[in-house]
Amino acid sequence: MAQDWDEPALLARLRAGEQAAFAHLVQGLGGRLKRVARGLVGPAAADDVVQDTWEAVLHALPRFEARANLSTWVLRILTNTAISRLRRGKREVAAGDFTNEDDLAALAPRFDPNGHWHAPPQPWHAETPEALMANGELQAVLEKAIDALPPDQRAALTLRDLAGQPMEEICNALDVNPTNARVLLHRARMRVWAAVEAYQRGENV
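Residues numbered from 1 in each chain as written. Predicted model: local features only at pLDDT ≥ 70, side-chain atom pairs only at ≥ 80, totals over all residues. Heavy atoms only, no water.

Enquirer: Please explain the nonpolar core as it appears in this structure.
Expert: Soluble globular proteins: nonpolar side chains tend toward being buried together. The biggest cluster of nonpolar side chains holds 51 residues, and the ones touching the most others in it are L14, L33, W54, V57, L70, W73 and L78. Among the elements of the structure, α1 (7-15), α2 (19-41), α3 (43-60), α4 (70-88), α7 (136-147), α8 (151-162), α9 (167-174) and α10 (178-200) are those that each provide at least two residues to this core. Per element, the largest residue contribution to this core is nine residues, and it comes from α2. In this view, L33 contacts V50, T53, W54, V74, L75 and L78; residues no more than four positions away in its chain are not counted. (Core = buried A, V, L, I, M, F, W, Y, C linked by side-chain atoms within 4.5 Å. Buried < 20%, exposed > 50% of the residue type's maximum accessible area, 1.4 Å probe, protein only. Helix = DSSP H or I, 4+ residues; strand = E, 2+ residues; numbered from the N terminus. Contact = heavy atoms within 4.5 Å.)

Structure representation (structure tokens):
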């Protein structure tokens with residue numbers, strides 16, 4: 001997301017209760033927040049999570065110490081809000097999320113041990129769904145692919161590639177061990193990659 005604000009000045013305006021400043025913040029971050037929320041809790045609950053996030057932001061602004069960027073702080077509130085919702089409705093992770101060895105073997109050439117793509121799909125030189133969504137033609141394809149992921153795969157992908165969370169926090173959020181978290185992330189990326197490649201070939205996805 002391109003930021004076109006002077007953050008200290010915007011923060012001062014927000015703390016003064018200026019409605020135009022808050023509207024500017026919502027306009028600047030709203031799209032990203034909606035994508036992250038949608039990835040974590042699904043499209044049906046995304047708007048509620050975003051709304052709860054903005055309410056939490058308003059409540060917490062007087063205590064914000066600006067140790068992180070304003071956008072990073074708002075995104076962290078959103079991920080915490082979404083994760084709390086996920087935990088309230090936590091389901092058991094299906095065994096099939098982890099046990100298909102053929103799928104795991106197919107992932108090896110595409111990702112390094114840290115879970116990064118060796119080479120992204122051509123012609124888009126981008127490593128994450130967040131970057132790929134900057135291409136308007138791809139956004140609908142990617143949203144459809146992410147929505148179709150199993151919930152824990154979708155959450156792992158969203159936390160890592162859209163919200164930039166470290167693997168330790170992803171493990172805590174999903175209550176899985178590091179190995180399982182990486183499997184979830186790899187499988188999610190493989191499915192999104194497949195959607196991008198199908199789009200490249202002109203196939204309906």
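Enquirer: I tried to follow the packing of α8 against α9 on my own but got confused; where do I start?
Expert: Two measures define how a pair of helices packs: the angle their axes make with one another and the distance between the axes. Between α8 and α9, whose axes approach to 10 Å, the crossing angle comes to 150°. Taken as a pair, α8 and α9 cross one another with a handedness that is right-handed. Residues D152, A155, A156, L159 and R160 of α8 touch α9, and the partners they reach there are M167, I170, A173 and L174. Split by residue class, the contact of α8 with α9 holds seven nonpolar, no polar and two charged. (Axes fitted to C-alpha atoms, helices over the stretch in contact; angles between N-to-C directions. Left-handed = near helix turned anticlockwise from the far one by under 90°. Nonpolar A, V, L, I, M, F, W, Y, C, P; charged D, E, K, R; others polar.)

Enquirer: Would you take a moment to explain the packing of aromatic side chains for this structure?
Expert: Geometrically, a pair of aromatic rings is defined through the distance of the ring centres and the angle of the planes. Tallied over the full model, the rule gives two aromatic pairs. Both rings, one in F22 and one in W54, keep their centres 5.5 Å apart while their planes meet at 80°; by these two values the pair is edge-to-face. Residue F22 is located in helix α2, and its partner W54 is located in helix α3; the two are separated by 32 residues in the primary sequence. Here F22 matches W54 in class, with each residue buried. (Phe/Tyr/Trp six-rings, centres within 6.5 Å; stacked < 30°, edge-to-face > 60°.)

Enquirer: Can you help me understand the pattern of salt bridges in this one?
Expert: Applying the stated rule across the entire model yields seven salt bridges. For R13, the salt bridge identified is with E18, shortest N-O distance 2.7 Å. Residue classification places E18 among the partly exposed residues on the basis of a relative accessible area of 34%. Residue K34 is joined to D47 by a salt bridge in which the shortest nitrogen-to-oxygen separation is 3.0 Å. Separated by 13 residues along the polypeptide, K34 in helix α2 and D47 in helix α3 bring together distant segments of the chain. For K34, a relative accessible area of 31% puts it in the partly exposed group. Through salt bridges with shared partners, one network takes in R38, E143 and D147. (Salt bridge = Lys/Arg side-chain N within 4 Å of Asp/Glu carboxyl O.)

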